[in-house]
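# Close look at the chain arrangement
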Amino acid sequence: MRAAKMAGLETVPAMIEEILRDLHAAKRPVFIMDRPLRAGASAALVRLAELTGAGLLDLGGGASFPVGHPHDVTEARQAATATADQLLFVEVRDPGFAM
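A brief structural summary.

Procedures and definitions
- Residues numbered from 1 in each chain as written.
- Predicted model: local features only at pLDDT ≥ 70, side-chain atom pairs only at ≥ 80, totals over all residues.
- Heavy atoms only, no water.
- Salt bridge = Lys/Arg side-chain N within 4 Å of Asp/Glu carboxyl O.
- Helix = DSSP H or I, 4+ residues; strand = E, 2+ residues; numbered from the N terminus.
- Buried < 20%, exposed > 50% of the residue type's maximum accessible area, 1.4 Å probe, protein only.
- Pairing = 2+ DSSP bridges.
- Axes fitted to C-alpha atoms, helices over the stretch in contact; angles between N-to-C directions.
- Contact = heavy atoms within 4.5 Å.
- Patch = residues over 30% accessible without salt bridge, like charges linked within 9 Å, V, L, I, M, F, W, Y side chains within 5 Å.
- Areas by Shrake-Rupley, 256 points an atom, 1.4 Å probe, with all protein chains shown as cover.
- Core = buried A, V, L, I, M, F, W, Y, C linked by side-chain atoms within 4.5 Å.

Moving on, we come to the pattern of salt bridges. It is possible for side chains of opposite charge to pair when their charged atoms get near one another. Here the structure, examined in full by the defined rule, presents three salt bridges. Of the charged contacts in the structure, one is a salt bridge between E91 and R35, with a shortest N-O distance of 3.7 Å. Of the two residues, E91 is situated in the loop between β3 (86-90) and α5 (95-98) and R35 in the loop between β1 (29-33) and α3 (39-52); the sequence distance between them amounts to 56 residues. For R35, a relative accessible area of 36% corresponds to the partly exposed category.

Below, the structure is given as structure tokens:
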């Protein structure tokens, strides 16, 4: 635990609670991914998108979710980000480029 506090990880639960609160309030959330996610992380993110109705947007860095998934908004990237009321960046190298 000491190493976690030194690294600032004690704030992670509070950050997760804030993200979940924001997602719960969002009407049109979009999850933006860039780098490939590990299988478990990818499955969890896809499940969260399904539960929240979030769109999934891949910037081309890797397959973070199944191609053709019903929540895939990659082909409608500009419209999806323009109308989103909550953006969640996951493993994105340059958020400015994503927008």
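So, about the sheet that holds β3. The sheet built from three strands is open, its strands ordered β2-β1-β3 with parallel pairing. This sheet does not close on itself; its edge strands, each paired only once, are β2 (55-58) and β3. Within this sheet the neighbouring strands show an average axis-to-axis angle of 20 degrees, counted without direction. Alignment of β1 against β3, held across five bridges, turns out to be parallel. Opposite M33, over in β3, you have V90 as the bridge partner. Where α3 meets the sheet, it contacts β1, β2 and β3, and its direction lies at approximately 165 degrees from that of β1.

On the surface, V12, M15, I16 and L20 cluster together into a nonpolar patch covering about 330 Å² of accessible area. Among the secondary structure elements, V12 is positioned in helix α2 (residues 12-25). When its relative accessible area of 31% is taken as the criterion, V12 is described as partly exposed.

Bringing the nonpolar core into the picture now. If you look at the biggest cluster of nonpolar residues, it comprises 12 residues: L23, F31, M33, L37, L45, V46, A49, A54, L56, F65, L88 and V90. Elements represented by at least two residues in this core include exactly β1, α3 and β3. Here the element with the most residues in this core is α3; it accounts for three residues. With residues near it in sequence (within four places) discarded, L23 still touches P29, F31, L48 and Q86. One finds L59, A80, A84 and A98 within the second-largest nonpolar core, a separate group that totals nine residues.

By secondary structure assignment, the location of E50 is in helix α3. Residue contacts for E50: discarding those within four places in its chain leaves H69 and H71.

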